[in-house]
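Examining the three-dimensional arrangement
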Amino acid sequence: MSKKQAIQKALEHHQAGRLNQAEAIYHRILKKEPNNPDTLHLAGVLAHQSGKNEEAINLIRQAISYRNAFPEAYCNLGNILKIRGELTEAMSCYHKAIALKPNLVGAHNNLGNIQRELGQLDQAMSSYRQVLAYEPNQAEAHYNLAITSKELGKLEEAIDSFRRAISIKPGVAEQHFNLANVLVSRGSFDEALTHFRQAISIKPDYTDAYINLGAVLHEQGNLQLAVDTYLKILLYNANCAAAYCNLGSVFSDLGNYDEAIAAYRQAIENDSNLAEAYYNLGNALQIRGKLNEASQAYRQALSIQPNYRDAHNNLGNILQAQGMLDAAETHLKQAQILDPDNADTYNNLGNIYKHQSQLDQAIASYRQALKLKPEYFDAHSNLLYALSSRPDCTQSEYLHEARRYGEKALELARPFRSWATHNKNSTSRRIRVGLVSGDLKSHPVGYFIESILGHLNREQFELVAYSTKNQEDDLTTRIKPYFSAWNMIARLSDETAARKIHDDGIEILIDLAGHTAFNRLPLFAWKPAPVQVSWLGYFAST
């Protein structure tokens, strides 16, 4: 067998994956001709494929020493050095390969990959474009160009490149997945859903695609579809902590807090270092009124992720509710350090100062929250409540601030101009009265309402409740029978809640909160009922 025939036979074994047979022939050739650069190069490639990188590097360097103008050898040496993390040396090899053979697209592509890894994104874009200059239909280069464009924030360019890669090679799940992610960033949710689903059809156990599909469905308000999506993940990956964590979030939005708590606990069982699961567990426990358990969950989140701003913030709120104001202030100030421009933290600090009777500091904090977030109605309500407690606040000063609140609410609303009316010929002529409150529970407002409900003439009035807080207790259970419908609007936007009230045909809408906690005064700016009043829960003008 001639040397040429021997090399051809070795290549056949090599390309067919019969590495031992190929290696034996390479070694026989090198024993007779140790300076053969082609055989040294191929033996080096095989050594790399066998996990013998040191040997591979030595063999390929020998090949280059006998044939300096060997672009393929430089490229493969670069590949091995890149795997070893020797990026500078690898880049040098790729540059030498390209200088010797400008159309060696593998060298351009791999050079681009290193440049992207090093954050040299513009240079990476240039390298990928060089690949496409020689091979316009190379899907991998279009895909890499798309990923780099995304990292540069050039979303439209990324979308175009992903689409080009998919048109050339449609059966790659990762291409559909990453296109979908960019479409989400652009707000094109429906098209994103199509590509997440396409990724899953190609790769049925694609956990990340299921996770992101569920997240988009959740964002769109398709809560049951989101639940179904996360449950499908768990068929393929029963220990997926992220799926349980996201499932818990959907259950929370559905108001199924016990199921949410169970899901978060399962996420933690599968990944005890998932800070987000502890944080979300704390939120659900807090809503269920289990403050000690919630506090423990937030502390666990912080033990994993000490700079978790939201966990500091929510732990501060719980400590405030438990009367531990100094500890609450400590956590809220830490949240403030972590995110100095977060309006929520200033609002919550204002609440601490208010409870400490430091009204000037409270008012300053609320004003700072409004400076950062002018349409922050909770902070504005808290400011009005604090002003009403300050002896030197004049009636005109308070009224001016209350009117500012109303003006801002009206700017965001599109008030209804017509309302459903009763048929005068109907045998049932009850006036539909809606009550909006977060205090339909053991609370002074709840007790006052309970004392009144039994005295209303139910032949004249039909009551509908719109609860603004996801918390119920024994008092809630006692008063529910007085209402024909009980609606939870805590998670509805002002517009959505107002439309619901309007569609329910409410004729008199009563706010029971004023500027106290969990009020929904801004939805009244939408004028969902023809007659609207504030009563009982507040002592001043709204």
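No experiment lies behind these values; they were computed from the predicted model shown.

Secondary structure summary: the protein chain contains 28 helices and five strands in total. Computed over C-alpha atoms, the radius of gyration of the protein chain comes to 33 Å, more than 25% over the 24 Å expected from 2.2 N^0.38 for 542 residues, which places it beyond the range of a compact globule. Based on the C-alpha atoms only, the size of the protein chain along its principal axes is roughly 110 × 55 × 40 Å. In the protein chain, which comprises 542 residues, the proportion classed as buried is 48%. The contacts of the protein chain with a sequence gap of at least 6 include a subset with a gap of at least 24, amounting to 52%. Within the structure as shown, the protein chain displays about 26500 Å² of accessible surface, and the carbon and sulfur contribution to it stands at 48%.

Per the counting criterion, the structure on display carries 29 salt bridges. Between R129 and E157 there is a salt bridge, with the nearest N and O atoms lying 3.6 Å from each other. One end of the pair, R129, is in helix α8 (residues 121–134); the other, E157, is in helix α10 (residues 155–168), with 28 residues separating them in the sequence. Exposure remark for E157: the relative accessible area of 36% places this residue in the partly exposed category.

This part takes up the sheet that holds strand β1 (residues 431–437). Here five strands make up an open sheet; going across it, the order is β3-β2-β1-β4-β5 and the pairing parallel. At either margin of the open sheet sits one strand with a lone partner, and together these are β3 (483–488) and β5 (531–534). Each adjacent strand pair in this sheet contributes to an overall mean axis angle of 20°, direction not counted. Examined bridge by bridge, strand β2 (residues 461–467) and β3 share five bridges and lie parallel to one another. Bridge assignment links S467 to a residue of β3, and that residue is M488.

The next thing to look at is the packing of aromatic side chains. If you walk through the whole model with that rule in mind, you get 11 aromatic pairs. Note on F177 and Y206: the rings are 5.1 Å apart at their centroids and 40° apart in plane angle, and the pair reads as tilted. Here F177 is found in helix α11 (residues 173–186), whereas its partner Y206 is found in the loop between α12 (189–202) and α13 (207–219), with 29 residues between them in sequence. For the pair F177 and Y206, one class covers both residues: buried. Seen in terms of ring centroids, F483 and W486 are 5.3 Å apart; in terms of plane orientation they differ by 90°. Their pairing is edge-to-face. W486 gets classed as partly exposed once you look at its relative accessible area, which sits at 21%. Cluster of aromatic residues (ring-pair linked, three or more members): F177, F196 and Y206. The aromatic ring of Y206 is capped on one face by K203, whose charged end is 4.4 Å from the ring centroid.

Let us now look at empty space enclosed by the protein. Under the definition given, this model contains one cavity of 30 Å³ or more. Roughly 40 Å³ of volume is contained in the largest cavity. Contributing to the lining of the largest cavity are G438, D439, L440, K441, S467, K469, Q471, E472, T476 and W486. In the lining of the largest cavity, the residues fall into two nonpolar, four polar and four charged.

Locating K290 in the fold gives a position in the loop between α17 (275–287) and α18 (291–304). Take K290: its relative accessible area is 37%, and that puts it in the partly exposed class. Separated by 144 residues in the primary sequence, K290 and A146 have C-alpha atoms spaced 47 Å apart.

Backbone geometry at F518 places phi at a positive 65°, although glycine is not the residue there. Looking at the element boundaries, F518 is found in the loop between β4 (508–511) and α28 (521–524). Positive phi values are uncommon outside glycine, yet K527 reaches one of about 55°. On the basis of relative accessible area, K527 is assigned to the partly exposed category, the value being 28%.

Turning to the packing of α17 against α18, a few remarks are in order. Helix packing geometry: the angle between the two helix axes and the distance between the axes. Two numbers describe how α17 lies on α18: the axes approach to 8 Å, and their chain directions differ by 165°. Between α17 and α18, the crossing angle belongs to the class labelled roughly antiparallel. Every pair of crossing elements has a handedness; the one defined by α17 and α18 is left-handed. Facing A275, Y278, Y279, L281, G282, N283, L285 and Q286 of α17, the residues of α18 in contact are L291, E293, A294, A297, Y298, Q300, A301 and I304. Tallied by class, the residues present in the contact of α17 with α18 amount to 11 nonpolar, four polar and one charged.

Turning next to a nonpolar patch on the surface. Where nonpolar side chains cluster on the molecular surface, the patch consists of I452, L456, V531, V533 and W535 and spans about 370 Å² of accessible area. Examined against the element boundaries, V533 turns out to sit in strand β5. Classification of V533 as partly exposed rests on a relative accessible area of 36%.

Within the fold, V436 resides in strand β1. C-alpha of V436 to C-alpha of G221: the two residues are 215 residues apart in sequence and 23 Å apart in space. Other than its neighbours up to four places away in sequence, V436 contacts Y466, T468, I489, L509, I510, D511, L512, A513, R520 and F524.

Okay, the pairing of β1 next. In terms of burial, β1 is a largely internal element, six of the seven residues being buried. Here β1 runs beside β2; their pairing, made up of seven bridges, is parallel. Following the sheet pairing, S437 is matched in β2 by S467.

Between the first and last C-alpha of helix α19 (residues 309–321) there are 19 Å, a value that for 13 residues agrees with the 18 Å anticipated at 1.5 Å per step. The element α19 is extensively covered by neighbouring structure, given that 10 of its 13 residues are classed as buried. Where α19 is concerned, the buried positions are R309, A311, H312, N313, N314, L315, G316, I318, L319 and Q320. Buried-residue contacts for α19 involve α17, α18, α20 (325–338) and α21 (343–355).

By secondary structure assignment, the location of N246 is in helix α15 (residues 241–253). With near-sequence residues (within four places) excluded, N246 lies in contact with I211 and Y230.

Conventions we followed
- Residues numbered from 1 in each chain as written.
- Predicted model: local features only at pLDDT ≥ 70, side-chain atom pairs only at ≥ 80, totals over all residues.
- Heavy atoms only, no water.
- Helix = DSSP H or I, 4+ residues; strand = E, 2+ residues; numbered from the N terminus.
- Rg over C-alpha atoms; globule rule 2.2 N^0.38 Å.
- Buried < 20%, exposed > 50% of the residue type's maximum accessible area, 1.4 Å probe, protein only.
- Contact = heavy atoms within 4.5 Å.
- Areas by Shrake-Rupley, 256 points an atom, 1.4 Å probe, with all protein chains shown as cover.
- Salt bridge = Lys/Arg side-chain N within 4 Å of Asp/Glu carboxyl O.
- Pairing = 2+ DSSP bridges.
- Axes fitted to C-alpha atoms, helices over the stretch in contact; angles between N-to-C directions.
- Phe/Tyr/Trp six-rings, centres within 6.5 Å; stacked < 30°, edge-to-face > 60°.
- Lys NZ or Arg CZ within 6 Å of the ring centre and 35° of its normal.
- 1 Å grid on protein atoms, 1.4 Å probe; cavity = no way out; pocket = protein on both sides within 12 Å on 5 of 7 lines; lining within 4 Å.
- Points joined across faces, edges and corners; volume = space filled by probe spheres on them.
- Nonpolar A, V, L, I, M, F, W, Y, C, P; charged D, E, K, R; others polar.
- Parallel < 35°, antiparallel > 145°, perpendicular 65-115°, else oblique.
- Left-handed = near helix turned anticlockwise from the far one by under 90°.
- Patch = residues over 30% accessible without salt bridge, like charges linked within 9 Å, V, L, I, M, F, W, Y side chains within 5 Å.
- Expected span 1.5 Å × (residues − 1).

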